[in-house]
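One-letter residues, chain by chain:
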Amino acid sequence: SISKDEIERARLMSEYKYEVDLQSRVVEARREGERRGERRGERKGELKGERKKAIEVARALKEMGDPIEKIARASGLSPDEIAAL
């Protein structure tokens, strides 16, 4: 039988892994933007890729019911931008 502590530990570990995965996605989007910017000789591609991934992350968190303040910290978007998604 699984104890309540084990269930809670598994839930917290799952939440932690999810947060790390989201942060990893944002970092990857930033890197992709940098690569595009380097190829084009501009920073515009980096910013566009970063923003696109931030919006994807924010939408996913919003759909999961996370608080807007938490979404803002994870995505870098403003609370107003998140509310408009």
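Reading the values: rules and limits
Residues numbered from 1 in each chain as written. Predicted model: local features only at pLDDT ≥ 70, side-chain atom pairs only at ≥ 80, totals over all residues. Heavy atoms only, no water. Helix = DSSP H or I, 4+ residues; strand = E, 2+ residues; numbered from the N terminus. Buried < 20%, exposed > 50% of the residue type's maximum accessible area, 1.4 Å probe, protein only. Contact = heavy atoms within 4.5 Å.

Chemist: Any chance you could break down the environment of Gly49 for me, citing the residues and the numbers?
Modeler: Structurally, Gly49 is set in helix α2 (residues 44-63). Using a relative accessible area of 14% as the deciding quantity, one classes Gly49 as buried. Taking the C-alpha atoms as reference points, Gly49 and Val26, separated by 23 residues in sequence, lie 9.3 Å from one another.

Chemist: Help me get a handle on the side chain of Glu19, residues and values and all.
Modeler: The topology assignment puts Glu19 in helix α1 (residues 4-40). Residue Glu19 is classed as buried on the basis of its relative accessible area of 16%. With residues near it in sequence (within four places) discarded, Glu19 still touches Asp66 and Lys70.

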